[in-house]
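# Examining the three-dimensional arrangement
So you can see what is in the structure, the chains are spelled out below.
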Amino acid sequence: MAGIAAMVLTYVLGTAMGLNNTATFMSSCVAFVAVSLWTDSRITRLRRRTARGTARDAAREAARGSGTEAGAERAAERTAEHGPYRDPS
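Okay, so let's go over this structure. (Residues numbered from 1 in each chain as written. Predicted model: local features only at pLDDT ≥ 70, side-chain atom pairs only at ≥ 80, totals over all residues. Heavy atoms only, no water.)

### Side note on helix α1 (residues 2-16)
The end-to-end C-alpha separation of α1 is 21 Å, in line with the 21 Å expected for 15 residues at 1.5 Å each. Of all the residues in α1, the buried ones are G3, A6, T10 and G14. End-on, the buried residues of α1 take up no more than an arc of 65°, which puts them together on one face. Those residues of α1 that are exposed and aimed more than 90 degrees away from the buried face are V8, L9 and A16. Immediately beyond the C-terminal end of α1, within one or two residues, lies G18, with a positive phi of roughly 90°. (Helix = DSSP H or I, 4+ residues; strand = E, 2+ residues; numbered from the N terminus. Expected span 1.5 Å × (residues − 1). Buried < 20%, exposed > 50% of the residue type's maximum accessible area, 1.4 Å probe, protein only. Arc of directions from axis to C-beta.)

### Topic: a nonpolar patch on the surface
A contiguous nonpolar surface patch, about 650 Å² in accessible area, is contributed by I4, V8, Y11, V12, F32, V33 and L37. The dominant element in the nonpolar patch, judged by the number of residues it contributes, is α1, at four residues. Tracing the backbone through its elements, the reader meets V8 in helix α1. (Patch = residues over 30% accessible without salt bridge, like charges linked within 9 Å, V, L, I, M, F, W, Y side chains within 5 Å. Areas by Shrake-Rupley, 256 points an atom, 1.4 Å probe, with all protein chains shown as cover. Salt bridge = Lys/Arg side-chain N within 4 Å of Asp/Glu carboxyl O.)

### Thoughts on the side chain of T24
With respect to the element layout, T24 can be found in helix α2 (residues 21-65). For T24, the contacting residues outside a window of four places in its chain are T10, Y11, G14, T15 and L19. (Contact = heavy atoms within 4.5 Å.)

Interpretation in functional terms is not warranted from these geometric data alone.
Structure, rendered in structure tokens:
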């Protein structure tokens, strides 16, 4: 959505500056790609930060509850869920 808004804004500015249609279209496309990549980068950073926090919380919980059977079972389940892929054959 932000990329499309940037594209429209760049089109309006390009037209107001007197650029021809080709130049206006090209600058709009460049703005769309730039804003889309920037937005994707921000979303990726947020997801990584959230995943790290969740992993830390899970590790703390596993460390606290590892003395009990239920805590050990939960830690083993998490390890099995997030372990590396192994080919079953």
